[in-house]
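# Coordinate analysis (summary)
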Amino acid sequence: MSAQKAIRAVIAEMEAAWNRGDFAGYMEGFANPDVIFVSRGRIQKDWQATLDHYIAEYGGAPGSQGSLAFSDIRIEMLADDAAQLVSSFTLTRKAGNQRGINTRLMRKRMGRWIIALNHVSAQE
C-alpha cells in the first residue's frame with residue numbers, strides 16, 4: 001500500500017471510531033505518548049491529556065460526540081517517514097456544529113503512520 005493510501009486509511013479509521021463514540025479507538029491514530037495537540041490557542045501535550053480533552057468535551061452521553069467527517073484531504077510527502085496532511089472537518093452534533101481545518105504532521109513509526117502533531121483551526 002502506498003504511503004498516501006495508508007495515511008488516508010488511518011484518518012478513515014479515526015473518523016469511524018469517533019462516529020461510534022470510541023474515543024480510545026480514535027486516539028489510536030495519534031502518537032502515544034508524545035502527540036502534540038494545538039487548539040483554541042493552547043498546546044495540549046501528550047496522548048492522555050488529548051484523550052481526556054475529548055472525553056470531557058464530547059463524551060457526556062451516548063451520541064454526544066456527534067458525527068465527524070474529514071474532507072478535502074491533501075497529503076504532501078516530506079520524507080519516507082514524514083508527511084503533512086491538511087483537511088477540512090465537519091462535526092455535526094446537538095450541542096452545536098463545528099467546522100474548520102486540521103493540519104497534521106504524520107510520522108511513520110514502527111511501520112505505522114500516526115499523527116505526531118495535530119493543529120485544529122475551527123471556524124466560529
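Right above here is the structure, for reference.
Everything in this summary refers to the structure shown in the same document. (Residues numbered from 1 in each chain as written. Predicted model: local features only at pLDDT ≥ 70, side-chain atom pairs only at ≥ 80, totals over all residues. Heavy atoms only, no water.)

### Observations concerning empty space enclosed by the protein
Defined as follows: A pocket here means an open set of points on a 1 Å grid, computed over the protein atoms alone, that has protein on both sides within 12 Å along at least five of seven lines. A cavity is instead a set of points where a 1.4 Å probe fits but cannot get out; residues with an atom within 4 Å of a point line either one. Grid points are joined across faces, edges and corners, and a volume is the space filled by probe spheres set on the points. Runs of H or I in DSSP of at least four residues are treated as helices and runs of E of at least two as strands, each being numbered from the N terminus. Under the scheme applied here, ten amino acids are nonpolar (Ala, Val, Leu, Ile, Met, Phe, Trp, Tyr, Cys and Pro), four are charged (Asp, Glu, Lys and Arg), and all others, including Gly, are polar.
One pass over the structure, following the stated rule, counts one cavity of 30 Å³ or more. One number sums up the size of the largest cavity: a volume of about 30 Å³. What lines the largest cavity is Phe37, Ser39, Arg40, Arg42, Gln44 and His53. Where the lining of the largest cavity is concerned, the elements lending two or more residues are strand 1 (36-39) and strand 2 (42-45). A per-class count over the lining of the largest cavity returns one nonpolar, three polar and two charged.

### Focus: the sheet that holds strand 3 (residues 67-79)
Filter applied, for reference: In short, DSSP must find at least two bridges between two strands for them to pair. For helices, the axis comes from a line fit to the C-alpha atoms of the stretch in contact; other axes are also lines fit to C-alpha atoms, and the angle between any two N-to-C directions lies between 0 and 180 degrees.
Read from one edge of the open sheet, six strands run 2-1-6-5-4-3, paired in mixed fashion. Strand pairing shows two members of the sheet lacking a second neighbour, strand 2 and strand 3, which therefore form its edges. Mean inter-strand twist for the sheet, computed between neighbouring axes without regard to direction, equals 20 degrees. The pairing of strand 1 with strand 6 (residues 112-122) spans three bridges and is classified as parallel. Counterpart to Ile36 in the pairing with strand 6 is Leu117.

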